[in-house]
Amino acid sequence: NAGVTQTPKFQVLKTGQSMTLQCAQDMNHNSMYWYRQDPGMGLRLIYYSASEGTTDKGEVPNGYNVSRLNKREFSLRLESAAPSQTSVYFCASSVIWARTGHGELFFGEGSRLTVL
Amino acid sequence: DAKTTQPTSMDCAEGRAANLPCNHSTISGNEYVYWYRQIHSQGPQYIIHGLKNNETNEMASLIITEDRKSSTLILPHATLRDTAVYYCIVRPQSNFGNEKLTFGTGTRLTIIP
């Protein structure tokens, strides 16, 4: 059981280049999230998706787009990368237990992006 | 607006109990308290959660005050592997998963040999 898988793990881009970070989960979770973490900082929510076909903005959505391709996959796209987007990106998914409304997040191992 | 407040850093001697406080004075009646930790630069890992009762699992205990405005995560016998950043967050009881879950900067816990 792989859990949450992110690709690539490392990427170096030049300013203005575009790229897509891929995330897939095999736990049949409805909700998926993208966070970024800058050095020495906490996690900031970029976008999230409560279910297949829906996406919503988080705290820091500018400069990013997302696609919830299907229930398993949630991708994050940088159309024109900027040095300020140098960060570690984490994807997460969440189960929601219908009886209690409780749900924990499961995180991937992160994708380390450097924009020169 | 931060929903939780945690000390920036704490030290604890190996083998002793580590008590990590969290203030969530604006918590609503339907919000859970969750704790996660992040070791090195790995993805955060779920530890425990609670609504109003104290909770215990194989990793930790969670003590929530009666007014629910604060809580304490307890690692009963801290080991060097418990050195990590610990995040306390609040999350609405929800069946939809459509809430914005935000993490602050957490508490950096250092276990001292």
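Up top is the structure these notes are about.
**Student:** Sorry if this is basic, but what is going on with the state of the cysteines here?
**Tutor:** Cysteine pairs can be linked by a disulfide, which is a covalent bond between their two sulfur atoms. Under the definition given, this model contains 2 disulfides over all chains. Shown here is the disulfide that connects Cys 23 of chain A with Cys 91 of chain A, its sulfur atoms set 1.9 Å apart. Across the S-S bond linking Cys 23 of chain A and Cys 91 of chain A, the dihedral sits near -75°, which makes this disulfide left-handed. Of this pair, Cys 23 of chain A sits in strand β3 (residues 19-25) while Cys 91 of chain A sits in strand β9 (residues 87-94), placing them 68 residues apart in sequence. Exposure remark for Cys 91 of chain A: the relative accessible area of 0% places this residue in the buried category. Residue pairing for Cys 22 of chain B: its cysteine sulfur links by disulfide to Cys 88 of chain B, the two sulfurs lying 2.1 Å apart. Between Cys 22 of chain B and Cys 88 of chain B the sulfur-sulfur dihedral comes to about -80°; the bridge is accordingly left-handed. With a gap of 66 residues between them, Cys 22 of chain B in strand β2 (residues 18-23) and Cys 88 of chain B in strand β8 (residues 84-92) connect regions that are remote in the sequence. Lacking any disulfide linkage, Cys 12 of chain B is separated from the closest cysteine sulfur, that of Cys 22 of chain B, by 18 Å.

**Student:** Whenever I open this one, the side chain of Ser 94 of chain A confuses me. Can you help?
**Tutor:** With respect to the helices and strands, the residue Ser 94 of chain A is situated in strand β9. Within the structure, the side chain of Ser 94 of chain A is placed 3.3 Å from the backbone oxygen of Glu 104 of chain A, a separation counted as a polar contact.

**Student:** Please clarify how the interface of chain A and chain B should be interpreted in this entry.
**Tutor:** Think of interface size as the accessible area that goes away when the parts come together; that is how it is often given. Counting from both sides, the interface comprises 28 residues of chain A and, opposite them, 26 residues of chain B. Roughly 2,100 Å² of surface becomes buried between chain A and chain B when both sides are summed, with 51% attributable to carbon and sulfur atoms. At the boundary of chain A with chain B, the tally comes to 0 salt bridges. Where chain A touches chain B, the interface holds 5 residue pairs in polar contact (both at pLDDT 80 or more). When residues of the side of chain A that touches chain B are traced back to their parent elements, those giving at least two are β4 (31-37), β5 (43-49), β9 and β10 (105-107) of chain A.

Cut-off values and rules
Residues numbered from 1 in each chain as written. Chains lettered and ligands numbered in written order. Predicted model: local features only at pLDDT ≥ 70, side-chain atom pairs only at ≥ 80, totals over all residues. Heavy atoms only, no water. Disulfide = S-S within 2.5 Å. Helix = DSSP H or I, 4+ residues; strand = E, 2+ residues; numbered from the N terminus. Buried < 20%, exposed > 50% of the residue type's maximum accessible area, 1.4 Å probe, protein only. Polar contact = N/O pair within 3.5 Å; in protein donor to acceptor, adjacent residues only side chain to side chain. Contact = heavy atoms within 4.5 Å. Buried area = accessible area lost by both parts, 1.4 Å probe. Salt bridge = Lys/Arg side-chain N within 4 Å of Asp/Glu carboxyl O.

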